[in-house]
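Inside the fold
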Amino acid sequence: MSQERSSRIGDDLGLGLSMPGMGSADEHGRRHVHPITPIIHGVTSIPFAIAMAIVWGGGAFAALGLGALVATLLLILLIALVVAAWSYLGWRNLWFWFDDDGDFRVDSGILTRQQRRLQLSRLQAVDVAQPLFARLFSMAEVTIEVAGTGDSRVRLRYLTLAEARALRSEVLARAAGLSGETEEAPETAIIRVPGRDLAVSLLARSVTAGLLLVSALILGFTWWTQGWSGLGVTAVTGGVPILIVVTEFIRYFGFTVSESPDGLRLRFGLTKTQTRTVPPGRVQAIEFVEPLLWRRWGWVRVRLNIAGVGGADSGGRKEETLLVPVAPRDVAVALVQRLQPGLDIDALTWHSAPARSRRRAPIQFRRLAVAWNDQVLATRRGQVTRRLAILPHPRTQSVRVTQGPWERALHLASMHVDSTPGPVRVTALHLDAGFAREVADAQVERARHARDADTSTHWATPPSGE
Amino acid sequence: MVDRSEGAFTFAPGWTPVSPRLVTARRITLGLAYLLVAAAVVALFVIPDLPRWVAGVVAGVSVVIFVWLWWLIGRRVRSYGYAEREDDLLVTSGIMFRRLVIVPYGRMQLVDVQAGPIDRALGVTTVQLHTAAATTDAAIPGLLPQDAAELRDRLARRGEQRSAGL
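Residues numbered from 1 in each chain as written. Chains lettered and ligands numbered in written order. Predicted model: local features only at pLDDT ≥ 70, side-chain atom pairs only at ≥ 80, totals over all residues. Heavy atoms only, no water.

With that settled, consider the overall build of chain A. A tally of regular secondary structure across chain A gives twelve helices and 20 strands. Counting only residues that meet the buried cut, chain A has 49% of its 466 residues in that class. Expressed as a percentage of contacts within chain A between residues at least 6 apart in sequence, the contacts between residues at least 24 apart total 56%. With the model as given, the accessible surface of chain A reaches about 22100 Å², and the carbon-plus-sulfur share is 60%. (Helix = DSSP H or I, 4+ residues; strand = E, 2+ residues; numbered from the N terminus. Buried < 20%, exposed > 50% of the residue type's maximum accessible area, 1.4 Å probe, protein only. Contact = heavy atoms within 4.5 Å. Areas by Shrake-Rupley, 256 points an atom, 1.4 Å probe, with all protein chains shown as cover.)

What follows is the structure in structure tokens.
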């Protein structure tokens, strides 16, 4: 047990505490997460307990006096202790290791025991994150995601930051087909999004800017006619977008993209620092988004579909998986070229929707188009917010052609290429019906040839070995 | 028959329609649902304060909708079709909103075969294909159980031969 282990991480807090380290592995190479984990969980529960006490107790403390306050504090402390004790049981039963087949194994559970085996050949992403409380203790959590539907991820908490990074590079190295004893991949920063650009860009997104403008107009008008009563309405129309802007600002603050041999590495977050590695072979679809107001600065946002990431996360919330929240177009294009080497977006030949599509889509009809080359299929849509989606041929899941009644009257049809769940939709709207079907059939063929030739799943294997 | 010669949704030879028994199954379901509607309409007639003509109009409208849905079921079922090509499966359906899905065998992650109680009594089965994309919507309803089982096995076999990573 942990008592026999020597102190490896020493004194992170500077409090003169000496913590036993994660220690060496047992005889099967199995390891625990860091023993400080129960304490972090206990401490994390305190603010929640206080919040609950305030919600339930409310103003009663003033009336009940000191005794009630002390009793409440003791209760909160007790809750923290119970949480920590429960977490300790979880810690004792949590083991992780690499088995002889090269798979990542995790055994866990207190009452219900769970044994998970992650096939690293199907690895999608490894994230290292530092939630607020874990950061106070210099700890980090590691999330390993493999392809699959539903709950196909494992979250290990907590490890020291150094251990978390070492684990990440070991997982990535094994998944990329290298032996486990590789040094952590060195990285070089490519871009860092300035906080000012991020704030401006979030405010200038089409829907946000539109809602803020409408709110301002309503507020101005009602103030003109009847004083401040308009505030009630604008609290929703203006408050929600502002809340979203603030949330995203905190989430994507300090967004940095750097290059490392195992893929592009993204770091972001103000209160919770996240690190995500995007292996080039695992990107399913890419989209450039260009809201109206961003064009004067030449900015774009790049979104990705990565299998296993960006579906519903643990809280059931959809996560928008970004490559970069805002960047000048040429920088973004250069980034995408690292994921899809040799792709020249500006050299694509676009096949536009016919002029009669104007009657189906009066605003965006000029932008509607589809293009392809030997690597990717691309679709373009949207006039106010321009969208350009790119899907590498081997990532085609299935192809659909759809036609609504209005499209049918105009002899138009839309072509969709289905990708794994994520923010990107690859849709060529309102093409000539016969042409849509031709493109769909041709896309299935292109996908089949590309799949036969595809080697990108072992992206770090040296080219000489093939 | 539905016009199958139009542009994007061409039915080449080799397309298989689904069993007409699906029409019966769906009409039974419609009939059961309409029992509730009928009960509600009858209730309108016995409410004392409500003028008779209001209840009459409601009854008339529900009968018209019923006839329309009854007819629509026939057309919808005839619009279903699938074709097995060498490397992929094609599924088409829809009258108002038409669609055609092309699923490469190598992309299929699992094949579901399912039948509800009414379907089972009439001997129709649905085969549903899933890929890694949630938007792939490839369901073939109205297959005879024997055909459905054979189709599933064929698809699974071809999927295994051509299976690719993500």
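Bringing the pairing of strand β20 (residues 426-432) of chain A into the picture now. Residue and element names in this part refer to chain A. Along β20, six of the seven residues are buried, which leaves the element largely enclosed by surrounding structure. Looking at chain direction, strand β19 (residues 412-418) and β20 are connected through five bridges and run antiparallel. Counterpart to A413 in the pairing with β20 is L431. (Pairing = 2+ DSSP bridges.)

Frequently, the measure chosen for interface size is the accessible area that the parts lose on association. With 29 residues of chain B at the contact, the number on the chain A side is 32 residues. Run the count over chain B and chain A and you get two salt bridges. Elements with a minimum of two residues in the side of chain B that touches chain A: β3 (88-93) and β4 (98-104) of chain B. Sorting elements by how many residues they give to the side of chain B that touches chain A places β4 of chain B first, with seven residues. Considering only residue class, the side of chain B that touches chain A consists of 16 nonpolar, six polar and seven charged. Relative to β4 of chain B, strand β18 (residues 398-403) of chain A runs antiparallel, the two being bridged by five bridges. Residue pairing across strands places T402 of chain A opposite R99 of chain B, the latter belonging to β4 of chain B. (Salt bridge = Lys/Arg side-chain N within 4 Å of Asp/Glu carboxyl O. Nonpolar A, V, L, I, M, F, W, Y, C, P; charged D, E, K, R; others polar.)

For the rest of this paragraph, the subject is the pattern of salt bridges. Residues and elements named next belong to chain A. Here the structure, examined in full by the defined rule, presents 26 salt bridges over all chains. In this structure, the salt-bridge partner of D418 is R400, at a minimum N-O distance of 2.9 Å. With D418 in strand β19 and R400 in strand β18, this residue pair connects regions lying 18 residues apart in the sequence. Taken as a pair, D418 and R400 share a single burial class, namely buried. Salt bridges sharing common partners tie together D99, D103, R105 and R117.

Residue and element names in this part refer to chain A. With respect to topology, three strands assemble into an open sheet ordered β1-β2-β3, the strand pairing being antiparallel. Lying at the two open borders of the sheet, with one neighbouring strand each, are β1 (95-98) and β3 (114-118). When strand polarity is set aside, the average angle formed by the axes of neighbouring strands in this sheet is 15 degrees. Here strand β2 (residues 104-108) runs beside β3; their pairing, made up of five bridges, is antiparallel. Each bridged residue has a counterpart across the sheet, and for S108 the counterpart in β3 is Q114. Along the sheet, helix α5 (residues 161-175) contacts β1 and β2; its crossing angle with β1, the most-contacted strand, is approximately 40 degrees. (Axes fitted to C-alpha atoms, helices over the stretch in contact; angles between N-to-C directions.)

Sheet strands associate in pairs through backbone hydrogen bonding, adopting either a parallel or an antiparallel arrangement. All names here are of chain A. Read from one edge to the other, the open sheet built from seven strands follows the order β6-β5-β4-β10-β9-β8-β7, with strand pairing classed as antiparallel. In this open sheet, the two strands that pair with only one neighbour each are β6 (153-160) and β7 (188-192). The average angle at which neighbouring strand axes cross in this sheet is 20 degrees, direction not considered. Along the sheet, helix α10 (residues 329-339) makes contact with β7, β8 (256-260), β9 (263-268) and β10 (273-278), crossing β7 at roughly 140 degrees.

For the rest of this paragraph, the subject is the side chain of T402 of chain A. Looking at the element boundaries, T402 of chain A is found in strand β18. Among the polar contacts listed, one links the side chain of T402 of chain A to the side chain of H416 of chain A, at a separation of 2.9 Å. Residues contacting T402 of chain A, with those up to four places away along its chain left out, are E407, A413, S414 and H416 of chain A together with F9, R98 and R99 of chain B. (Polar contact = N/O pair within 3.5 Å; in protein donor to acceptor, adjacent residues only side chain to side chain.)

What follows deals with the packing of aromatic side chains. Residues and elements named next belong to chain A. Applying the stated criterion across every chain, the model contains twelve aromatic pairs over all chains. Centre to centre, the rings of Y252 and F268 are 5.7 Å apart; their planes meet at 50 degrees, and the pair counts as tilted. Here F268 lies in strand β9 and Y252 lies in helix α9 (residues 239-252), a separation of 16 residues in the sequence. For Y252, a relative accessible area of 3% corresponds to the buried category. In this structure F268 comes out as buried when scored by relative accessible area, which is 4%. (Phe/Tyr/Trp six-rings, centres within 6.5 Å; stacked < 30°, edge-to-face > 60°.)

On to the packing of helix α7 (residues 206-226) of chain A against α9 of chain A, then. Residue and element names in this part refer to chain A. Contact geometry of α7 with α9 gives a least axis separation of 9 Å together with a crossing angle of 140 degrees. It follows from the interaxial angle that α7 and α9 lie oblique. Crossing geometry of α7 relative to α9 is assigned as left-handed. Only P241, I242 and V245 of α9 make contact with α7, whose side of the interface consists of T208, L211 and L212. A breakdown of the residues in the contact of α7 with α9 according to their chemical character gives five nonpolar, one polar and no charged. (Parallel < 35°, antiparallel > 145°, perpendicular 65-115°, else oblique. Left-handed = near helix turned anticlockwise from the far one by under 90°.)

Once that is clear, we can look at helix α2 (residues 52-79) of chain B. Residues and elements named next belong to chain B. Between its terminal C-alpha atoms α2 stretches 41 Å, which fits the 40 Å expected from 28 residues at 1.5 Å a residue. Within α2, the full set of buried residues consists of A55, A59, S62, I73, G74, V77 and S79. The elements touched by buried residues of α2 are α1 (21-46), β2 (81-84) and β3. (Expected span 1.5 Å × (residues − 1).)

Tracing the backbone through its elements, the reader meets V246 of chain A in helix α9. Note on V246 of chain A: relative accessible area 43%, which makes it partly exposed.

Within the largest apolar cluster, 40 residues are counted, with the highest numbers of intra-cluster contacts made by F288, L323 and I390 of chain A. For L323 of chain A, the contacting residues outside a window of four places in its chain are F255, V257, L264, L266, V302, L304, L335, V336 and L339 of chain A. (Core = buried A, V, L, I, M, F, W, Y, C linked by side-chain atoms within 4.5 Å.)

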